[in-house]
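Understanding the architecture of this molecule
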Amino acid sequence: MTFNENAKLDTSGVQKRGRGAKTAAIGGGSIGLLIVAFLASQFLGVDLTGLVSGVDTGQQSQEQVEGTGLEACQTGADANAQIECRMVGVQNSLADFWETESAAVGVTYERPGFILYEGQTSSACGTASNAVGPFYCPGDSSMYVDTSFFQLLTSQLGAKEGPLAEMYVVAHEWGHHIQHQMGVFDTTNRTDTGPTSDGVRIELQADCFAGSWLGAAATTETADGVTLLEPPTREQVDVALSAASAVGDDHIQGQQGQVNPESFTHGTSEQRVNWFVTGYEQGTGACDTFAVSGSQL
Ligand SMILES: [Zn+2]
């Protein structure tokens, strides 16, 4: 997806944190690439549940917040050229989308915290490292995006495909924020696994919300009314679909050996693609994954 070069970016909703006391464990060369391959297969599969097992909750170290650190992110051209600015642009687009769409899903608009970090940072859900991948923390209503993770992801997927995969992940995490506001996490058992479990329904709904945003992304605007993103091409939509497909439980488990539906946490590739397309074509009103029977999920 391409940003309108002249659109002005608003960095006020994005916080950038410097490196934590402990630096990133990702090395260079082949080890780094192996880790990326693993992370790429896990991304979207590590939020919420992954976080619980992946964090050191005993650590309370506070990090220095260095200004905004995002002064270079002025326009859509910057977003097209640079990862951090692209995250600002996506945040701007999602904020604009949900500002109007929140009412449709029955919640008051509330912007989640949006924190860019490298290496390691603290959250209300514990200490996050880039081994965790991007995630949403309900405890402080914030999403945490490790930009070095995305840099490696893009270097794996290619400059053409990487950015849209990044945007899809961020839109999915924002979907969890909407669910948090809707009270979904209070009324469901998010540790439940299996093909028709609450855990899978939660993830598929977040996919549907991500698709809803993509369907409307070309209509989102900056504060001064300039269109932020150009409409996605068919090829770009296909990239988002393949990203959704790649993170299906059956696909990931198949790569690792045996597929065991009872341990599904995010849904199959087919389900993830279907719900993403449902949101893309029909909008948020069609995203009630809790209302459908198991066979329609
Ligand atoms: Zn998720």
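Reading guide: rules and limits
Residues numbered from 1 in each chain as written. Predicted model: local features only at pLDDT ≥ 70, side-chain atom pairs only at ≥ 80, totals over all residues. Heavy atoms only, no water. Helix = DSSP H or I, 4+ residues; strand = E, 2+ residues; numbered from the N terminus. Buried < 20%, exposed > 50% of the residue type's maximum accessible area, 1.4 Å probe, protein only. Contact = heavy atoms within 4.5 Å. Areas by Shrake-Rupley, 256 points an atom, 1.4 Å probe, with all protein chains shown as cover. Disulfide = S-S within 2.5 Å. Salt bridge = Lys/Arg side-chain N within 4 Å of Asp/Glu carboxyl O. Axes fitted to C-alpha atoms, helices over the stretch in contact; angles between N-to-C directions. Parallel < 35°, antiparallel > 145°, perpendicular 65-115°, else oblique. Nonpolar A, V, L, I, M, F, W, Y, C, P; charged D, E, K, R; others polar. Left-handed = near helix turned anticlockwise from the far one by under 90°.

Glancing now at the overall build of the chain. If you tally the helices and strands in the chain, you get 11 helices and six strands. Per-residue burial for the chain yields a buried fraction of 54% across its 297 residues. Of the contacts formed within the chain by residues at least 6 apart in sequence, a portion of 75% connects residues at least 24 apart. Surface accessibility of the chain: about 12300 Å² in total, with carbon and sulfur atoms responsible for 49%.

Take the state of the cysteines next. Considering all chains together, one arrives at three disulfides under this definition. Put simply, Cys73 and Cys85 are joined by a disulfide, and their sulfur atoms are 2.2 Å apart. In this structure the cystine formed by Cys73 and Cys85 twists about its S-S bond by roughly -80°; its chirality is therefore left-handed. Of this pair, Cys73 sits in the loop between α2 (49-54) and α3 (76-81) while Cys85 sits in helix α4 (residues 83-101), placing them 12 residues apart in sequence. For the pair Cys73 and Cys85, a shared accessibility class is recorded, and that class is buried. One disulfide bridge connects Cys125 with Cys137, the sulfur atoms lying 2.1 Å from each other. The sign of the 95° torsion about the S-S bond sets the Cys125-Cys137 disulfide as right-handed. Separated by 12 residues along the polypeptide, Cys125 in the loop between β3 (120-123) and β4 (126-129) and Cys137 in strand β5 (residues 135-137) bring together distant segments of the chain. If one numbers only the bonded cysteines of the chain, in the order they occur, the disulfide pattern is 1-2, 3-4, 5-6.

Attention shifts here to the pattern of salt bridges. With the rule as written, the count across this model stands at four salt bridges. Across the pair Asp238 and Arg234 runs a salt bridge whose closest N-O atoms are separated by 3.0 Å. In this pair, Asp238 and Arg234 are both assigned in helix α9 (residues 234-246), four residues apart and thus about one turn of the helix distant. Asp238 gets classed as partly exposed once you look at its relative accessible area, which sits at 35%.

At a minimum axis separation of 10 Å, α4 and helix α8 (residues 198-216) run at an interaxial angle of 100°. Between α4 and α8, the crossing angle belongs to the class labelled roughly perpendicular. Counted together, Ser93, Leu94, Phe97 and Trp98 of α4 and Phe209, Ser212, Trp213 and Ala216 of α8 form the full contact between these two elements. When its residues are assigned to classes, the contact of α4 with α8 shows six nonpolar, two polar and no charged.

Turning to the packing of helix α6 (residues 162-182) against α9, a few remarks are in order. Two elements in contact, α6 and α9, have axes whose closest approach is 9 Å; the angle formed by their N-to-C orientations is 60°. It follows from the interaxial angle that α6 and α9 lie oblique. As α6 packs across α9, the resulting crossing turns out to be right-handed. On the side of α6, the interface is formed by Leu164, Ala165 and Tyr168, while α9 contributes Gln236, Val237, Val239, Ala240, Ala243 and Ala244. Counted by class, the contact of α6 with α9 contains eight nonpolar, one polar and no charged residues.

A few words now on the environment of Phe150. Relative to the helices and strands, Phe150 is located in helix α5 (residues 147-157). On the basis of relative accessible area, Phe150 is assigned to the buried category, the value being 0%. Along the primary structure Phe150 and Pro134 are separated by 16 residues, whereas in three dimensions their C-alpha atoms are 8.9 Å apart. What Phe150 contacts, discounting residues up to four positions off in sequence, is Ile83, Met87, Pro134, Val145, Glu166, Val169 and Val170.

By secondary structure assignment, the location of Thr268 is in the loop between α10 (249-256) and α11 (269-282). For Thr268, a relative accessible area of 15% gives the class buried.

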